[in-house]
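Take a look at the letters that make up each chain.
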Amino acid sequence: MKATRAVSRILSAYEGETPGVKAKLHSILMAGKLGGTGRMIILPVDQGFEHGPARSFAPNPAGYDPHYHYQLAIDAGLNAYAAPLGPLEAGADTFAGAIPTILKVNSANSLLSGTAGKDQAITASVDDALRLGCAAIGFTIYPGSDCSLDMFEEIVEMRREAASVGVATVIWSYPRGEGVTKEGELAIDVGAYAAHMAALLGAHIVKVKLTTDHVMQPEAQKVYKEKGIDVSTLAARVKHVVDSCFGGRRLVVFSGGAAKGADAVFDDARAIRDGGGNGSIIGRNSFQRSREDALEMLGKLIDIYRGKA
Amino acid sequence: MKATRAVSRILSAYEGETPGVKAKLHSILMAGKLGGTGRMIILPVDQGFEHGPARSFAPNPAGYDPHYHYQLAIDAGLNAYAAPLGPLEAGADTFAGAIPTILKVNSANSLLSGTAGKDQAITASVDDALRLGCAAIGFTIYPGSDCSLDMFEEIVEMRREAASVGVATVIWSYPRGEGVTKEGELAIDVGAYAAHMAALLGAHIVKVKLTTDHVMQPEAQKVYKEKGIDVSTLAARVKHVVDSCFGGRRLVVFSGGAAKGADAVFDDARAIRDGGGNGSIIGRNSFQRSREDALEMLGKLIDIYRGKA
Amino acid sequence: MKATRAVSRILSAYEGETPGVKAKLHSILMAGKLGGTGRMIILPVDQGFEHGPARSFAPNPAGYDPHYHYQLAIDAGLNAYAAPLGPLEAGADTFAGAIPTILKVNSANSLLSGTAGKDQAITASVDDALRLGCAAIGFTIYPGSDCSLDMFEEIVEMRREAASVGVATVIWSYPRGEGVTKEGELAIDVGAYAAHMAALLGAHIVKVKLTTDHVMQPEAQKVYKEKGIDVSTLAARVKHVVDSCFGGRRLVVFSGGAAKGADAVFDDARAIRDGGGNGSIIGRNSFQRSREDALEMLGKLIDIYRGKA
Amino acid sequence: MKATRAVSRILSAYEGETPGVKAKLHSILMAGKLGGTGRMIILPVDQGFEHGPARSFAPNPAGYDPHYHYQLAIDAGLNAYAAPLGPLEAGADTFAGAIPTILKVNSANSLLSGTAGKDQAITASVDDALRLGCAAIGFTIYPGSDCSLDMFEEIVEMRREAASVGVATVIWSYPRGEGVTKEGELAIDVGAYAAHMAALLGAHIVKVKLTTDHVMQPEAQKVYKEKGIDVSTLAARVKHVVDSCFGGRRLVVFSGGAAKGADAVFDDARAIRDGGGNGSIIGRNSFQRSREDALEMLGKLIDIYRGKA
Amino acid sequence: MKATRAVSRILSAYEGETPGVKAKLHSILMAGKLGGTGRMIILPVDQGFEHGPARSFAPNPAGYDPHYHYQLAIDAGLNAYAAPLGPLEAGADTFAGAIPTILKVNSANSLLSGTAGKDQAITASVDDALRLGCAAIGFTIYPGSDCSLDMFEEIVEMRREAASVGVATVIWSYPRGEGVTKEGELAIDVGAYAAHMAALLGAHIVKVKLTTDHVMQPEAQKVYKEKGIDVSTLAARVKHVVDSCFGGRRLVVFSGGAAKGADAVFDDARAIRDGGGNGSIIGRNSFQRSREDALEMLGKLIDIYRGKA
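Quick notes on the rules
- Residues numbered from 1 in each chain as written.
- Chains lettered and ligands numbered in written order.
- Predicted model: local features only at pLDDT ≥ 70, side-chain atom pairs only at ≥ 80, totals over all residues.
- Heavy atoms only, no water.
- Helix = DSSP H or I, 4+ residues; strand = E, 2+ residues; numbered from the N terminus.
- Rg over C-alpha atoms; globule rule 2.2 N^0.38 Å.
- Buried < 20%, exposed > 50% of the residue type's maximum accessible area, 1.4 Å probe, protein only.
- Contact = heavy atoms within 4.5 Å.
- Areas by Shrake-Rupley, 256 points an atom, 1.4 Å probe, with all protein chains shown as cover.
- Salt bridge = Lys/Arg side-chain N within 4 Å of Asp/Glu carboxyl O.
- Lys, Arg positive; Asp, Glu negative; His and termini not counted.
- Polar contact = N/O pair within 3.5 Å; in protein donor to acceptor, adjacent residues only side chain to side chain.
- Buried area = accessible area lost by both parts, 1.4 Å probe.
- Nonpolar A, V, L, I, M, F, W, Y, C, P; charged D, E, K, R; others polar.
- pLDDT = per-residue confidence, 0-100.
- Pairing = 2+ DSSP bridges.
- Axes fitted to C-alpha atoms, helices over the stretch in contact; angles between N-to-C directions.
- Least-squares fit on C-alpha atoms with pLDDT ≥ 70 in both.

## Considerations on the overall build of chain A
In step 1: Counting its secondary structure elements, chain A contains 14 helices and 10 strands.
In step 2: Taken over the C-alpha trace, chain A has a radius of gyration of 18 Å; the compact-globule value for 309 residues is 19 Å, and the two agree within 12%.
In step 3: Among the 309 residues that make up chain A, the fraction classed as buried is 65%.
In step 4: Pairs at least 24 residues apart make up 74% of the contacts formed inside chain A by residues separated by at least 6 positions.
In step 5: A total accessible area of about 9900 Å² is found for chain A, and carbon and sulfur atoms account for 50% of it.

This is the structure:
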């Protein structure tokens, strides 16, 4: 499918990149009901690794089966489905070509003790992504963690390998660890910094959390105040984060966090849209609802991103 | 031998996998007296590494000789024999082709001090598995250990190498270490989580312990209670663990633990069978009995899995 | 463009080096308004990594966009533009060939806690430099840090790889960490030592900070006093640092530090020039000013280095 | 030379092994005055690394010269000479083919502090063994040390590489470190366990120390008592250790320890012989005696192993 | 140039070595005014790395320029010039073939804090040595340091690589760190042990410091006393160190330490000569003097080694 003007403009900003990677970004941007708009919604299902199977899937037991998520993402008209190695191996054949997939290549888990450091294990490879026909790899970094320099080095190497074989890279940039306070994990200065670092590391798609208006770093507080950076609304904060990704030259999507009411989800999406963000990555808020509720909610989200709601 | 319908259905769930790996899973599932049923019994003899030779073999000194175990597994009609490098090198020629073998590629030992961390050494390779004609490699992970992320990375790499040359992977997933209480090692939430992680990491066969009805993680306690997950019986807990492995799309076998009375072994097997588990991996309870007793017990276990006892 | 006599003399000192590397040094030394003089001004924009986007770019928001910096460096007639992976990937095509670029291949960030050690992550590779058409890689070492031996080993390996494919190496040598006091970070003995180590490690261009007349190491204090090493003026200290780089056989440039008044910047440049340094690397003092102010300031700096101011 | 029946029987137990490795074991087993008996005496000279040159060679200064040891082993009719890289490089040409050699590929030293951990450095490679024409590599593991898992991984990799090019592997298995008490280093349960682990790791020849009748591990004490394992005599303990190496399917040799009276050496050898051990590895007790005394003592040892004394 | 009988005898002791390495040892042993005598004097200039540029070169500022040292070594008729990567890259072309060079491939520095461990960074490679036409690589080990096992492993690997491409290896063996007292760093037992370890690791030339008559290790004290090892004179201690290097089968040179009076330097050389050492490696005592004084002193040293003074 020929790229729309919006998609062409986005792709042209990836100046140093191979045609193979651009083709994969194209496939994500042109998929689903938001195809061609430059906006996207991604379904990520890696919460089983992070929180365990019962906490993830007991609210809607159909979700124990990886096929359920493939089908949900396809039926809802989403842009991509992201998951660890195992679930993709359980559906890659049945759903081959039906929707772009993102292989999550590192993973955390909540059985890990507090003494283990804030880190993730590399649990899949670029070769796996190729074998399973994935459009991209997904990798989490923890800016602020004492393990973060190692994580940066890991994704830089995997990104290079992926790009060389025409696979795109999504970086989940989630501040946490020794250098970040609990409140700071969602602070606007920290979130913009985390997004900026993901872009500096070469992410093709930057994935961050929505932030509060808290500013954590004392040196930053001074600048935000003196320069009058607007962080008063969610949309303004989205805009600041998007600016921090090379003035809008990189795709930025925002995650929704824990399950919550549908209205809150919709409000978030409007702010992402109005602030110039490229979309939502929405897991527990979709697959922990019943299939009917999830389809309805995702349909409304698509309408919001299309400017119809 | 052509796969039975039960085996074909099982193999079809490994969508992303090479024909070589499926052929090896086929060889295990079609071997022995349970061949074709989708159930299996595996004889593992790596206790000498974990507990030392006397504690393992003095109860039945014939077991000092690796040939004894090969012959026992063959005569009992089991599906596979699992052991570290040395014992397989002592019998691989004599018993070539007589029974599928699983090379245990990492190993713990009880001479290790408490300060060394809960970890295992990699003690064999995929090349060894190929050279010795093994159907699979076996690897232990310790979810909850501060070494667990490294262990995850090790098995992910070895699994990838093994699969690329047509060797299947069995993951022993045993929670222990800094993130898990003593009681929690056998908790149902932890056990289901451990099984789920093994599946996420790409295990072709998941091997876990039978669990108690204890729920360790506070966040999990809430979910188990609210969602009314049935953990009241051993069979119900087996079912929950099997559900946690992609809703039954992965083979799950359960280990028996320390030597105990035959009736307890039989009760365990019935629960595994009734909960939808794929079988038992049974070491000390077989080779620490006399050959005659072991053959009788294993025969009865086979009957149980065939639904005849 | 044929090298001037000044440039030829400089290049001839790199006796063990490949023609490929010399061609890259030639391209930097012959570029811009200082081309052929043996002096240079480099625009580095990696402060977003080190201090975050707002602290770096809010003073002049045009700088959120990497294209801004490319254009500024070109329009000002500088010798090179240095940046991390992401920004070069956002402009490498648009500005291909327009100005020599330096890929900063390791990076620090200020979200890192005090317990993490003074270290940087390797965030790009020699392959990236080749793909993006860069003239050189840039690497920071922290002499005095307990991580410094590892950093030395990293740059030695990267330099070797870079040189083998005709890419030059710039080493940022910034003393800090367990072995250096706060005052010592800018001490003349420490700065000369840091520059000397960069040269010993094989840097083609040594980049250090201007120093104070403080002497940190007690053994050094004795020598500086006994031998009457002149450290009384900035120019004298520049000369001592240049001497410490093989008696002037290596290119040495000095960084400007935090934003300050234009007169201070000019005074620094005169001292660098008079002490025999090869030029300035000037980031925040240029891109945090408005484009007009920056162009004016850089024009005056060029005049200074040309001996006209 | 065609293998005797005793040697053929021994070699047939190495079922998974390459003909190249078997040829090397054959060369050791058929060499010297014990050639063909299935028994062997090896001269190891790595004490200079472990204890320093004066403590090793001052008692018989001729031993400073590596040629002395080659000649002693040859003239005494031993099966092999084992040494680190340097000494073999000092004699490999002069004595090429004259006696099988074993290259010790890791080494400890007594200048190491107590805080360094019980570990050894890898000080030679399989390539060195090939270049120097060695029959085997020798590697020490320290079961019970917090470094032991790493040591296991090292030897497993080196063994695999060695076997792939037809070089055999001898594992020195010496319990020590955090998990073992001082008395436990020579305990029978620990020694049998250490020998068993060496066999599990794939050693072609297991080398351990003679043990006391102490049983260190509480769990083991129970088993030794209940099952009535005979550890009352040195010969009985040798037998138990040999049993622990796959019921006698692996070659097991015993080291003599510090220099002592000749009668004690002879008593040890008789116990090894009577317990079914394959021989002695005897260093300081031979080369710290005068050449005449050493030859006489080694001659008597050979007689003992031949059943003539 | 055909080797003299003295040189031939020395080379014949390197039995396992490639002709390429022997040719490089030949080139060093046949160079300069001591060429053919089996004695040698080497000029090492790596003190800038270890102590900083001012402490090294301010006493004789001509030494800031690497060309000065090349020329000094050539004019004095020395056997070789040793330096880190940078200085050789500054003179390798001008002085190509004029004198054998030794590339120092690891380096320490005195900015490192006390918590960093006694270690060095690898700062050059065998490939660099080849590219720069060096006769040998030089590597420092710190026996007694908790980092020593790692250092041993590093040099063993580099030595193997170097030898495979015909480059010789010099090991600087300097006891220090957790396992050695301050006085012990120069103790005769420790020095002999350090020399022995360098030889065991495969050094072609062993470089150690002259020792005192102190004996550090209690176990060694007993042996030195009982066996009456003569350590009463400097020459006797040199002899003991040479004996410890395979009874004289390895080249052993001694370093001079800090700058001191010429008479002390001459006394040292006579002791080295009389004890059977192969020569001096003399840095600060030559290049911190004026060129005239240095040439005179080095001339006298050569006379001493030729037995004329």
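Let's pick the thread back up.
## Notes on the pattern of salt bridges
When the charged atoms of two side chains with opposite charge come close together, those side chains can pair.
In step 1: Tallying each qualifying case throughout the model produces 70 salt bridges over all chains.
In step 2: Note that Arg 291 of chain A is salt-bridged to Asp 75 of chain A, the shortest N-O span being 2.6 Å. You can see Arg 291 of chain A sitting in helix α14 (residues 291-305) and its partner Asp 75 of chain A sitting in helix α5 (residues 66-76), a full 216 residues away along the chain.
In step 3: Residue Asp 75 of chain A is classed as partly exposed on the basis of its relative accessible area, which comes to 32%.
In step 4: Where Arg 159 of chain C meets Glu 17 of chain C, a salt bridge forms, and the shortest distance between an N and an O atom there is 3.3 Å. Here Arg 159 of chain C, found in helix α8 (residues 148-164), pairs with Glu 17 of chain C, found in the loop between α1 (5-12) and α2 (19-29); they are 142 residues apart in sequence, far enough to count as distant. Across this residue pair, the class does not change: Arg 159 of chain C and Glu 17 of chain C are buried.
In step 5: Counted as one network, the salt bridges with shared partners bring together Glu 17, Arg 159 and Arg 160 of chain A together with Glu 89, Asp 128 and Arg 131 of chain C.

## Some remarks on the side chain of Arg 250 of chain A
In step 1: Checked against the element boundaries, Arg 250 of chain A lands in the loop between α11 (234-243) and β9 (251-255).
In step 2: There is no salt bridge for the buried Arg 250 of chain A, and the closest opposite charge comes from Glu 89 of chain C, which lies 4.7 Å off by N-O distance.
In step 3: A polar side-chain atom of Arg 250 of chain A sits 3.2 Å from the main-chain carbonyl oxygen of Ala 13 of chain A.
In step 4: If we ignore the near neighbours within four places in the chain, the residues touching Arg 250 of chain A are Ala 13, Tyr 14, Ala 199, Ala 203, His 204, Cys 245 and Asn 278 of chain A together with Gly 86, Glu 89 and Ala 90 of chain C.

## With respect to the interface of chain A and chain C
In step 1: Of the residues lining the interface, 42 residues belong to chain A; the matching set on chain C comes to 45 residues.
In step 2: Of the roughly 3300 Å² buried at the junction of chain A and chain C (both faces included), carbon and sulfur atoms supply 62%.
In step 3: Taken together, chain A and chain C are joined by 3 salt bridges.
In step 4: We note a salt bridge from Arg 159 of chain A to Glu 89 of chain C, for which the minimum N-O separation is 3.2 Å.
In step 5: Counting every contact that joins chain A to chain C gives 21 residue pairs in polar contact (both at pLDDT 80 or more).
In step 6: Of all the elements in the fold, those that place two or more residues in the side of chain A that touches chain C are α8 (148-164), α9 (188-200), α10 (218-226) and α11 of chain A.
In step 7: Split into classes, the residues belonging to the side of chain A that touches chain C amount to 19 nonpolar, 11 polar and 12 charged.

## Some words on the arrangement of the chains
In step 1: Chain C makes no contact with chain D; the smallest distance between any of their C-alpha atoms is 18 Å.
In step 2: Chain B shows no contact with chain E. Their nearest C-alpha atoms sit 18 Å apart.

## Overview of the confidence of the model for chain A
In step 1: Of all residues in chain A, 100% have pLDDT values of 70 or greater, and the mean over the chain is 96.
In step 2: Among the prediction metrics, the complex's ipTM stands at 0.95, with pTM recorded as 0.95.

## Topic: the sheet that holds strand β9 (residues 251-255) of chain E
All names here are of chain E.
In step 1: Read around the barrel, 8 strands follow the order β1-β2-β3-β6-β7-β8-β9-β10 and close on themselves; strand pairing throughout is parallel. Here the average twist between neighbouring strands, direction ignored, is 25°.
In step 2: Relative to strand β6 (residues 136-141), strand β3 (residues 101-104) runs parallel, the two being bridged by 3 bridges. When the bridges of β6 are listed, Lys 104 appears paired with Gly 138.
In step 3: Across the face of the sheet, helix α8 (residues 148-164) comes into contact with β6 and β7 (168-173) while running at roughly 170° to β6.

## Remarks on the relation of the copies chain D and chain B
In step 1: Mapping chain D onto chain B is achieved by rotating through 72° and translating by 0.0 Å along the same axis, at an RMSD of 0.0 Å. Here the copies are linked by what is in effect a five-fold axis. Residue Asp 150 of chain D, judged by its C-alpha, is the member of chain D lying nearest the rotation axis, at 11 Å.

## Notes on the interface of chain D and chain B
In step 1: With 42 residues of chain D in contact, the opposing surface of chain B contributes 45 residues.
In step 2: Across the interface of chain D and chain B, roughly 3300 Å² is buried in total on both sides, 62% from carbon and sulfur atoms.
In step 3: Summed over the shared surface of chain D and chain B, the number is 3 salt bridges.
In step 4: At the junction of chain D with chain B, the criterion picks out 21 residue pairs in polar contact (both at pLDDT 80 or more).
In step 5: When residues of the side of chain D that touches chain B are traced back to their parent elements, those giving at least two are α8 (148-164), α9 (188-200), α10 (218-226) and α11 (234-243) of chain D.
In step 6: Along the lines of polarity and charge, the residues of the side of chain D that touches chain B split into 19 nonpolar, 11 polar and 12 charged.

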